[in-house]
Amino acid sequence: MDTGTHIVMGAAVCGLTLADPVVASDSVTMTAVFIGVVSGSLIPDVDTVLKLRNNAVYIRNHRGITHSVPAVLLWPLVISVLLSFIFPEAAFYHLWAWTFLAVFLHVFVDIFNAYGTQALRPFSNQWVALGVINTFDPIIFALHIIAILAWIIGTEPVLTFTLLYIVVFFYYLLRFAVKAAVKHAVRNTIPDADDIFIAPTMHFFQWRVAASNKECHYVGRAYGRSVNIYDRFKREPMPKSPYIDAAMEDKNIQAFVSFSPIYRWSVSYVGDLYEVRLIDLRYRSKSYYPFVAVAHINEEMEVINSYTGWIFSEDKLRKKLNFIPNS
């Protein structure tokens with residue numbers, strides 16, 4: 001989920017902590033627990049700082065080790081120990097338990113996005129991505145804001161947030177049902193599809209669709225049970241070439257391949273360089289596919305420059321690559 005949603009979820013868990021009589025009756029413990037819960041709701045995303053290095057490192061590691069089983073156990077302990085120095089009179093076990101819940105909830109809800117997490121590490125490096133909730137879901141966010149405002153004006157917080165999460169639970173079940181219906185509609189539209197990707201959008205009934213059969217890649221949108229195919233690309237194996245072999249060893253290309261299950265490729269000459277481009281078909285915006293990986297290779301089979309990430313124009317891509325093609 002996005003940072004804003006994790007913050008409001010942290011606030012909701014703060015309200016639920018008042019069901020604990022130790023927290024509710026001790027102002028020092030309550031303060032420490034509230035700080036621990038909000039910190040725990042955000043800390044798994046500390047790996048966002050990897051963007052400062054480069055997109056390849058970020059793509060390969062975001063929601064990886066920081067969302068793993070050891071991290072879920074470690075984060076609450078680290079936060080609780082640090083807070084115990086600031087609030088030595090706080091009840092440590094209660095501080096740890098509620099902080100653990102906040103960290104666990106962060107990782108758990110991220111599983112339901114299309115991006116997913118490596119929540120099973122170190123037992124498995126597989127990405128767990130159920131793809132039923134958008135990274136920012138306006139309904140979930142709005143429900144939390146309403147519940148928080150209700151708490152502010154004086155409603156009983158434990159009851160308020162318990163009701164909130166009962167509603168959210170059934171909302172998640174509804175999303176699973178809608179996704180299943182969309183997947184069925186895609187199979188009716190492309191009966192021989194052997195790879196189907198369905199991802200939510202901010203609109204309840206709209207879903208991104210990418211699918212492949214032996215001959216083609218298909219890209220479209222589902223509106224309820226109606227599937228509109230916008231683009232179709234012939235599916236061809238990447239040709240054998242030392243230029244392509246060199247490109248596939250590049251860190252940006254490797255990061256893209258590790259992240260993107262459905263993509264097409266293109267190869268061309270740009271000036272006196274060989275360009276290998278991979279294009280993620282899961283993300284389509286106004287007839288443009290903004291998530292790409294590009295590598296330029298010279299005649300000595302050296303990667304001169306490369307990039308992976310979100311680009312919405314060729315000019316911006318050239319700037320990212322710091323590349324001006326020869327005329």
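First things first, this report covers the structure right here in the doc. (Residues numbered from 1 in each chain as written. Predicted model: local features only at pLDDT ≥ 70, side-chain atom pairs only at ≥ 80, totals over all residues. Heavy atoms only, no water.)

Some words on the sheet that holds strand 7 (residues 291–297)
Logical step 1: Taken in spatial order, the 4 strands of this open sheet run 5-6-7-8, and their pairing is antiparallel. Where the open sheet ends on each side, the last strands, each with one partner, are strand 5 (263–270) and strand 8 (303–310). Neighbouring strand axes in the sheet, compared pairwise and without regard to direction, differ in orientation by 10° on average.
Logical step 2: The pairing of strand 5 with strand 6 (residues 273–280) spans 8 bridges and is antiparallel. Counterpart to W265 in the pairing with strand 6 is L278.
Logical step 3: On the sheet, helix 10 (residues 251–259) packs against strand 5, strand 6, strand 7 and strand 8 and is oriented at approximately 150° with respect to strand 7.
Logical step 4: Together, strand 5, strand 6, strand 7 and strand 8 form the strand contacts of helix 11 (residues 314–321), whose direction differs from that of strand 8 by roughly 130°. (Pairing = 2+ DSSP bridges. Helix = DSSP H or I, 4+ residues; strand = E, 2+ residues; numbered from the N terminus. Axes fitted to C-alpha atoms, helices over the stretch in contact; angles between N-to-C directions. Contact = heavy atoms within 4.5 Å.)

Focus: the nonpolar core
Logical step 1: I133, Y172 and V186 are the most contacted members of the largest nonpolar core, which totals 54 residues.
Logical step 2: When residues of this core are assigned to their parent elements, the largest contribution, 9 residues, is made by helix 8 (residues 157–189).
Logical step 3: Once you skip the residues sitting within four places of it in the chain, V186 turns out to touch I196, I198, V209, A211 and V227.
Logical step 4: Formed by 19 residues, the second largest nonpolar core is a distinct cluster that contains Y243, A246, F259 and I297. (Core = buried A, V, L, I, M, F, W, Y, C linked by side-chain atoms within 4.5 Å. Buried < 20%, exposed > 50% of the residue type's maximum accessible area, 1.4 Å probe, protein only.)

Considerations on the sheet that holds strand 2 (residues 206–212)
Logical step 1: Read across the sheet, 4 strands follow the order 1-2-3-4 without closing on themselves; strand pairing throughout is antiparallel. Two strands lie at the open edges of the sheet, namely strand 1 (195–200) and strand 4 (226–234), each paired on one side alone. On average, each strand axis in the sheet is inclined to that of its neighbour by 20°, with strand direction left out of account.
Logical step 2: The sheet contact formed by strand 2 and strand 3 (residues 216–223) spans 7 bridges and is antiparallel. Residue pairing for strand 3: Q206 is matched across the bridge by Y223.

Looking at helix 3 (residues 27–42)
Logical step 1: Under the 1.5 Å per step criterion, the end-to-end length of helix 3 is 23 Å for 16 residues, consistent within 8% with the ideal 22 Å.
Logical step 2: For helix 3, the full list of buried residues reads T29, A32, V33, G36, V37, G40 and S41. Here the buried residues of helix 3 occupy an arc of 160° about the axis, which is enough to place them on one side.
Logical step 3: On its buried face, helix 3 sits against helix 1 (3–17), helix 2 (21–25), helix 5 (69–86) and helix 6 (92–110). (Expected span 1.5 Å × (residues − 1). Arc of directions from axis to C-beta.)

Focus: the packing of helix 1 against helix 8
Logical step 1: One way to put it is that helix 1 packs onto helix 8 with a least axis distance of 8 Å and a crossing angle of 130°. By the angle between their axes, helix 1 is oblique relative to helix 8. Our pair here, helix 1 against helix 8, has a crossing hand that is left-handed. Here helix 1 contributes M9, A11, A12, G15 and L16 to the contact with helix 8, which in turn contributes P157, V158, F161, T162, L164 and Y165.
Logical step 2: Taken together, the residues that form the contact of helix 1 with helix 8 break down as 9 nonpolar, 2 polar and no charged. (Parallel < 35°, antiparallel > 145°, perpendicular 65-115°, else oblique. Left-handed = near helix turned anticlockwise from the far one by under 90°. Nonpolar A, V, L, I, M, F, W, Y, C, P; charged D, E, K, R; others polar.)

What to know about the packing of aromatic side chains
Logical step 1: Summed over all chains, the structure comprises 24 aromatic pairs.
Logical step 2: Here F34 and W151 contribute two aromatic rings whose centre-to-centre distance is 6.4 Å and whose plane-to-plane angle is 80°, an arrangement assigned as edge-to-face. Here F34, found in helix 3, pairs with W151, found in helix 7 (residues 138–152); they are 117 residues apart in sequence, far enough to count as distant.
Logical step 3: Residue F34 is classed as partly exposed on the basis of its relative accessible area of 23%.
Logical step 4: On the accessibility criterion, W151 (25% relative accessible area) is partly exposed.
Logical step 5: Plain terms: the ring middles of F169 and F170 are 5.4 Å apart, the flat faces sit at 80° to each other, and that makes the pair edge-to-face.
Logical step 6: Residue class for F169 comes out partly exposed when judged on its relative accessible area of 49%.
Logical step 7: Within the aromatic cluster, the residues linked to one another by ring pairs are Y93, W96, F100, F104, F108, F112, Y172 and F176.
Logical step 8: Directly above the aromatic system of F259 lies the positively charged group of R282, at a separation of 4.8 Å from the ring centroid. (Phe/Tyr/Trp six-rings, centres within 6.5 Å; stacked < 30°, edge-to-face > 60°. Lys NZ or Arg CZ within 6 Å of the ring centre and 35° of its normal.)

Everything listed here is a matter of geometry and, on its own, says nothing about what the molecule does.
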